[in-house]
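Here are the chains, one letter per residue:
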Amino acid sequence: MLNEVPKIPTQSGKSRPRGRKLKLQMQMSLDGFVSTGSNDEQKWVTWAWEEIKDDVLDLLDSCDTHVIGRKLAVDYIPHWQNTFAKSDDPMYEVAKRIVAMKKYVFTKTLKTSEWNNTDLLKGDLTEEINNLKNQSGKDILVVGGSSFVSELIEKDLIDELHFYLNPVVIGKGESIFSSLNKFKKINLKKVTKYDCGIVLLVYENNF
Amino acid sequence: MRKLKLQVQISVDGFVGGPNGELDWMTWDWGDDIKKYVNDLHDKIDTILLGRKMTDGFVGHWTSVIEKRDESTKELRENYEFAKKMIDTPKVVFTRTLEKSEWKNTTLAKGDLTEEVNKLKNQNSKGDIIVYGGAGFVSSLIKNNLIDEYYLFINPTAIGKGLEIFGSLEDKMKLKLIKSQSFECGIVVNHYKPE
């Protein structure tokens, strides 16, 4: 039996869970792309881990659940598992938190989960996410990939957006908003500027 | 040398207009903080560059504000004052088709874009040069590396698809962040220079 939290009616009349928030974190270029394409190694991202570390870890600490698209999961989960095995790795603190989080991989094709602390979710995206939001606990994290995030945005499931806006234009690439049919207003919550030129923009989705 | 500054409203996902140039997504409930920022920015310039396509709309809009001269509220008075600035500031319109200018305080530039812009930058004047749009004209300025300062007004809106200003770049372009400032209405202005 899941712990239920109160639901509030929204303008559209649908009830939306007041419970846990789904929080997105992504690196973004000035021209609004999150990736140069399927083989993106994120070489366009400004590398300034020491500067942004505290904010990234704060976000991770606010979450105990991690939802991941299947395409990203196959590399992402083993990557952090391996990093977790190296306590002197600069990203160890991230690895520790990601390994500890309860992970849910959204898939229509996989039959069983081959990863630790990870379950598969195969149902309707909106229902599954709202189920998770209605459970008690800390917030829920999503970091990609871009097609999975696009679907979450299209279905208006993301509550908070954390964009690390890099001081670079990449010209073409993948967007997470291209599924929108009309413009979507969001609320600016916080801006943080780093010496490396990255600006962290935090927005809330006001539905 | 005078600088060419770009001031442009841009969505979180990097568009400067809807697919047909729509501007309905933009945040318009500006507080005093951002109005002051824009006025300060404008006080340092004395020339406005315009692409031919947006000139009619731009000049027409501000002319109509002046002709109506409605100063009954603080908002309208500020708008009227700003309209006067827009119309009184000398403008240069880039065109290959027009023969002569039909707008007040406006001259035409018909030569090569880079040469014409560099000629303006080399003119002896205290004030800098500003460009507000449109998307196609700004794209050409960016592609030809003519913008010296970028003032990106990042609106708290995602629009999904629309007009871009960086799409014509062949390579990645790094910029140097000078300042980032947020305003009551939710707009964040990021000020960059080319690296």
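Residues numbered from 1 in each chain as written. Chains lettered and ligands numbered in written order. Predicted model: local features only at pLDDT ≥ 70, side-chain atom pairs only at ≥ 80, totals over all residues.

**A few points about the overall build of chain A**
Next, step 1: A tally of helices and strands in chain A yields five helices and twelve strands.
Next, step 2: Taken against the 2.2 N^0.38 rule, which gives 17 Å for 207 residues, the C-alpha radius of gyration of chain A at 17 Å falls within 12% of a compact globule.
Next, step 3: In terms of its C-alpha atoms, chain A occupies a principal-axis envelope of roughly 45 × 40 × 30 Å.
Next, step 4: Considering chain A as a whole, with its 207 residues, one finds that 36% of them fall into the buried category. (Helix = DSSP H or I, 4+ residues; strand = E, 2+ residues; numbered from the N terminus. Rg over C-alpha atoms; globule rule 2.2 N^0.38 Å. Buried ≥ 20, exposed ≤ 12 C-beta atoms within 10 Å, placed from the backbone.)

**A short note on the overall build of chain B**
Next, step 1: Regarding its fold elements, chain B presents five helices and nine strands.
Next, step 2: Listed by position from the N terminus, the elements making up chain B come as β-α-β-α-α-β-β-α-β-α-β-β-β-β.
Next, step 3: Radius of gyration (C-alpha) of chain B: 16 Å, near the 16 Å computed for a compact globule of 195 residues.
Next, step 4: Taken along the three principal axes of its C-alpha coordinates, chain B extends 45 × 35 × 35 Å.

**Considerations on the confidence of the model for chain B**
Next, step 1: Looking at chain B, pLDDT values average 95 and 100% of them are 70 or higher.
Next, step 2: Both scores are given for the predicted complex: the pTM is 0.93, the ipTM 0.93. (pLDDT = per-residue confidence, 0-100.)

**Things to note about the packing of helix 2 (residues 52-68) of chain B against helix 3 (residues 74-88) of chain B**
All names here are of chain B.
Next, step 1: The interhelical angle for the contact between helix 2 and helix 3, taken along N-to-C directions, is 130 degrees, at an axis separation of 9 Å. By the angle between their axes, helix 2 is oblique relative to helix 3. As helix 2 packs across helix 3, the resulting crossing turns out to be left-handed. Between helix 2, through Trp62, Thr63, Val65 and Ile66, and helix 3, the contact on the second element is made entirely by Asn79, Tyr80, Ala83, Lys84, Met86 and Ile87.
Next, step 2: Looking at side-chain class alone, the contact of helix 2 with helix 3 contains seven nonpolar, two polar and one charged residues. (Axes fitted to C-alpha atoms, helices over the stretch in contact; angles between N-to-C directions. Parallel < 35°, antiparallel > 145°, perpendicular 65-115°, else oblique. Left-handed = near helix turned anticlockwise from the far one by under 90°. Contact = placed C-beta atoms within 7 Å. Nonpolar A, V, L, I, M, F, W, Y, C, P; charged D, E, K, R; others polar.)

**Focus: the sheet that holds strand 4 (residues 63-69) of chain A**
Residue and element names in this part refer to chain A.
Next, step 1: With mixed pairing, the eight strands of this open sheet are ordered in space as 6-5-4-7-3-8-12-11. Looking at strand neighbours, the two that pair on one side only are strand 6 (118-121) and strand 11 (187-193), the edges of this open sheet. When the angles between neighbouring strand axes are averaged without regard to direction, this sheet yields 25 degrees.
Next, step 2: When strand 11 meets strand 12 (residues 199-204), the two strands line up antiparallel, connected through six bridges. Bridge pairing in strand 12 links Thr192 to Leu200. (Pairing = 2+ DSSP bridges.)

**Some remarks on helix 1 (residues 49-61) of chain A**
Next, step 1: The terminal C-alpha atoms of helix 1 of chain A, which comprises 13 residues, lie 17 Å apart, in line with the 18 Å expected from a rise of 1.5 Å per residue.
Next, step 2: Asp55 of chain A marks the point of greatest bend in helix 1 of chain A, at about 25 degrees. (Expected span 1.5 Å × (residues − 1). Bend = angle between axes of the 7 residues up to and from the residue.)

**Here we look at the packing of helix 1 of chain A against helix 3 (residues 92-100) of chain A**
Residue and element names in this part refer to chain A.
Next, step 1: As a packed pair, helix 1 and helix 3 sit with axes 10 Å apart at the nearest point and diverge in direction by 10 degrees. By the criterion of interaxial angle, the relationship of helix 1 to helix 3 is roughly parallel. Of the residues in helix 3, those touching helix 1 at Val56, Leu57, Leu60 and Asp61 are Glu93, Val94 and Arg97.
Next, step 2: Split by residue class, the contact of helix 1 with helix 3 holds four nonpolar, no polar and three charged.

**Describing the interface of chain B and chain A**
Next, step 1: The interface of chain B with chain A comprises 26 residues on the first partner and 26 residues on the second.
Next, step 2: Listing elements by their share of the side of chain B that touches chain A, those giving two or more residues are strand 7 (157-158), strand 8 (173-182) and strand 9 (188-194) of chain B.
Next, step 3: The greatest single-element share of the side of chain B that touches chain A, amounting to seven residues, is contributed by strand 8 of chain B.
Next, step 4: Taken together, the residues of the side of chain B that touches chain A break down into twelve nonpolar, eight polar and six charged.
Next, step 5: With two bridges connecting them, strand 9 (residues 168-169) of chain A and strand 8 of chain B associate as antiparallel partners. The residue of strand 8 of chain B that forms the bridge with Val169 of chain A is Met173 of chain B.

**Considering the nonpolar core**
Next, step 1: In terms of nonpolar packing, the biggest core is built from 92 residues, with Val142 and Leu165 of chain A together with Val138 of chain B touching the most fellow members.
Next, step 2: Excluding anything up to four places from it in sequence, Val142 of chain A contacts Leu22, Leu24, Val67, Val149 and Leu152 of chain A. (Core = buried A, V, L, I, M, F, W, Y, C linked by C-beta atoms within 7 Å.)

**A look at the sheet that holds strand 3 (residues 91-94) of chain B**
Next, step 1: Taken in spatial order, the nine strands of this open sheet run 9(A)-8(B)-9(B)-6(B)-1(B)-5(B)-2(B)-3(B)-4(B), and their pairing is mixed. A single partner strand is all that each edge strand has here, and the edge strands are strand 9 of chain A together with strand 4 (106-109) of chain B.

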